[in-house]
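Read off the chains here:
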Amino acid sequence: MKTAIIGYGKMGREIEKILLERGHQIGLIIDQENASDLDSKHLQGIDVALEFTTPQTAYDNIRRCIDAGVAVVSGTTGWTDRLEELRRYCQEKGGAMFYTSNYCLGVNLMFRLNRQLAAMINRVDGYDVRLEEVHHTQKRDAPSGTAITLAEGILSELACKSGWVNRMAEPGSTFQPAPGDDPSQIVITSIREGMVPGIHTITYESEDDRIELKHTIKNRRTLAQGAVVAAEFLCGKQGVFSMDDLLK
Ligand SMILES: NC(=O)c1ccc[n+]([C@@H]2O[C@H](COP(=O)([O-])OP(=O)(O)OC[C@H]3O[C@@H](n4cnc5c(N)ncnc54)[C@H](O)[C@@H]3O)[C@@H](O)[C@H]2O)c1
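The residue numbering used here restarts from 1 in each chain and proceeds along that chain's sequence as written. The predicted origin of the model limits local features to residues at a pLDDT of at least 70 and limits the giving and counting of side-chain atom pairs to 80 or more, whereas totals for whole chains, interfaces and linings rest on all residues. Remark: hydrogens and water are excluded; side-chain values derive from all non-hydrogen atoms of the structure.

Naming follows an unreviewed UniProt entry, where the chain appears as 4-hydroxy-tetrahydrodipicolinate reductase of Candidatus Alistipes avicola. As stated in UniProt under Function (unreviewed entry), the record for the chain gives "Catalyzes the conversion of 4-hydroxy-tetrahydrodipicolinate (HTPA) to tetrahydrodipicolinate." UniProt positions are given in the numbering used here, feature names are shortened, and annotations may be inferred rather than shown by experiment. In its Sequence similarities (unreviewed entry) section, the UniProt entry covering the chain states "Belongs to the DapB family."

If you want it as structure tokens, here you go:
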């Protein structure tokens, strides 16, 4: 597979290692300095582009790949209000696109467990739910894309919740409900701390007990590996895919 890396930051560099280990070629690397090279001419002969950049640049980058007829795997978070638009554009153009807010297999298993647990909680009384995500201090968006996916999973199953709100907190602080909290909203607490690659915790609490579903990413390698496996899956296909398609 001949690939392009779009965004040569922490993820782009990790993806580069995995691509080479798995015997793939890297024909093009795009970062901020040569961003204008992301066009049909430079993308010629590329099978799949892997896009991990910024919330401000992802939409345009993915669109340019679709316009050039190159399959694109993206994991950039913080811009997904326009994801549906881009999915439709990709279908119209007969392109190929893969997006997930988290390429770690374990997180995707947690997405499923999360929906199952929310459906069970929906049948009993007395529990309130909240989310917490912890990431490194360089992360630009909050809450994390993964936390938003988890919140959306809960909202699809739990009748008493209709939306989410985000709250930043200091490392080490414990969750405290605020007086004006709207009980119909899931509180997502975001903590930015050190070099943490990603911790997500869903907590259901009643007067008498607490259920916690927690996932900790130990390193970025698992994320990069998932993205490369997604690229291998996407190569030669047409359409719009997510991790659910890959896990099937
Ligand atoms: N879906 C997942 O599994 C997953 C995993 C990790 C990170 N992420 C997301 O991926 C994105 C990148 O993460 P990171 O940790 O590599 O960040 P990073 O800041 O280390 O890297 C981003 C890179 O994009 C470059 N860039 C900026 N504008 C660009 C443009 N127009 N064209 C090409 N490159 C450009 C920057 O110079 C930088 O090198 C973030 O949104 C992050 O939240 C997603």
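Asks: What exactly am I supposed to notice about the environment of W164 here?
Replies: Secondary structure follows DSSP: runs of H or I at least 4 residues long count as helices, runs of E at least 2 residues long count as strands, and numbering of each begins at the N terminus. With respect to the helices and strands, W164 occurs in strand 7 (residues 163-169). Residue classification places W164 among the partly exposed residues on the basis of a relative accessible area of 30%. On a C-alpha basis, the gap between W164 and I188 in space is 6.9 Å, while along the polypeptide they are 24 residues apart. In what follows, residue pairs with any heavy atoms lying within 4.5 Å of each other are defined as contacts. Residues within four places of W164 in sequence aside, it is in contact with P143, I148, A151, L155, Q185, I186 and I188. Exposure categories follow from relative accessible area, calculated using a 1.4 Å probe and restricted to protein chains: below 20% of the type maximum is buried, above 50% is exposed, and the middle band is partly exposed.

Asks: Would you mind showing me how to read the sheet that holds strand 1 (residues 2-6) here?
Replies: Strand pairing within a sheet occurs via backbone hydrogen bonds; the two strands may be parallel or antiparallel. Pairing is parallel in the open sheet, where six strands are placed in the order 2-1-3-4-5-11. The open sheet has two edge strands, strand 2 (25-30) and strand 11 (239-241), and neither has a second partner. Taken pair by pair, the neighbouring strands of this sheet meet at an average axis angle of 15°, ignoring direction. Relative to strand 3 (residues 48-51), strand 1 is paired through four bridges, and the arrangement is parallel. Paired with T3 across the two strands is V48, which belongs to strand 3. By the convention used here, strands pair only if DSSP detects at least 2 bridges between them. Every angle, taken between N-to-C directions, lies between 0 and 180 degrees, and every axis is a line fitted to C-alpha atoms, over only the stretch in contact when it is a helix.

Asks: Even after reading the chapter, I still don't get the nonpolar core, so can you show me in this structure?
Replies: Grouped burial of nonpolar side chains is what soluble globular proteins tend to show. Only buried Ala, Val, Leu, Ile, Met, Phe, Trp, Tyr and Cys residues count toward a nonpolar core, and they belong to the same one when joined by side-chain atoms within 4.5 Å. Counting 43 residues, the largest nonpolar core has I15, V73, F98, I154, I202 and Y204 as the members making the most contacts within it. In terms of residue count, helix 7 (residues 221-234) provides more of this core than any other element does, eight residues in total. Both domains that furnish three or more residues to this core are identified here as domain 1 (2-103 + 221-247) and domain 2 (105-216). Discounting residues that sit within four places of it in the chain, I15 has contacts with I5, L50, F52, A224, A227 and V228. Core analysis: the next-biggest nonpolar cluster, separate from the first, contains 22 residues, L43, Y59, L83 and M97 among them. Throughout, the edges of the domains are those of an automatic or database domain assignment.

Asks: Is there a simple way to think about the UniProt feature "domain: Dihydrodipicolinate reductase C-terminal" (unreviewed entry) in the chain in this case?
Replies: The feature "domain: Dihydrodipicolinate reductase C-terminal" (unreviewed entry), as given by UniProt, occupies residues 106-247 in the numbering adopted here. Helix makes up 32% of residues 106-247 and strand makes up 28%, while its end C-alpha atoms are separated by 11 Å.

Asks: I tried to follow the site of the ligand on my own but got confused; where do I start?
Replies: Nearness of a residue to a molecule or strand requires only that one of the residue's heavy atoms be within 4 Å of it. Inspection of the region around the ligand gives 25 residues, with K10, M11, D31, T77 and Y103 positioned closest. The contact in question runs from an oxygen atom of the ligand to an N or O atom on the backbone of K10, over 2.9 Å. Pairing of N or O atoms within 3.5 Å defines a polar contact, subject to two protein rules: one partner must be a possible hydrogen donor and the other a possible acceptor, and residues neighboring in sequence count only if both atoms are side-chain atoms. In the environment of the ligand, an oxygen atom lies 2.8 Å from a nitrogen or oxygen atom belonging to the backbone of Y103. For accessible areas, the Shrake-Rupley method is used with a probe of radius 1.4 Å. Any residue's cover is judged against the shown protein chains and nothing else. Burial of the ligand by the protein chains amounts to 85% of its free accessible area of 850 Å². For this classification, the nonpolar set comprises Ala, Val, Leu, Ile, Met, Phe, Trp, Tyr, Cys and Pro, the charged set comprises Asp, Glu, Lys and Arg, and every other residue, Gly included, is treated as polar. Here the residues of the shell around the ligand sort into eight nonpolar, 13 polar and four charged.

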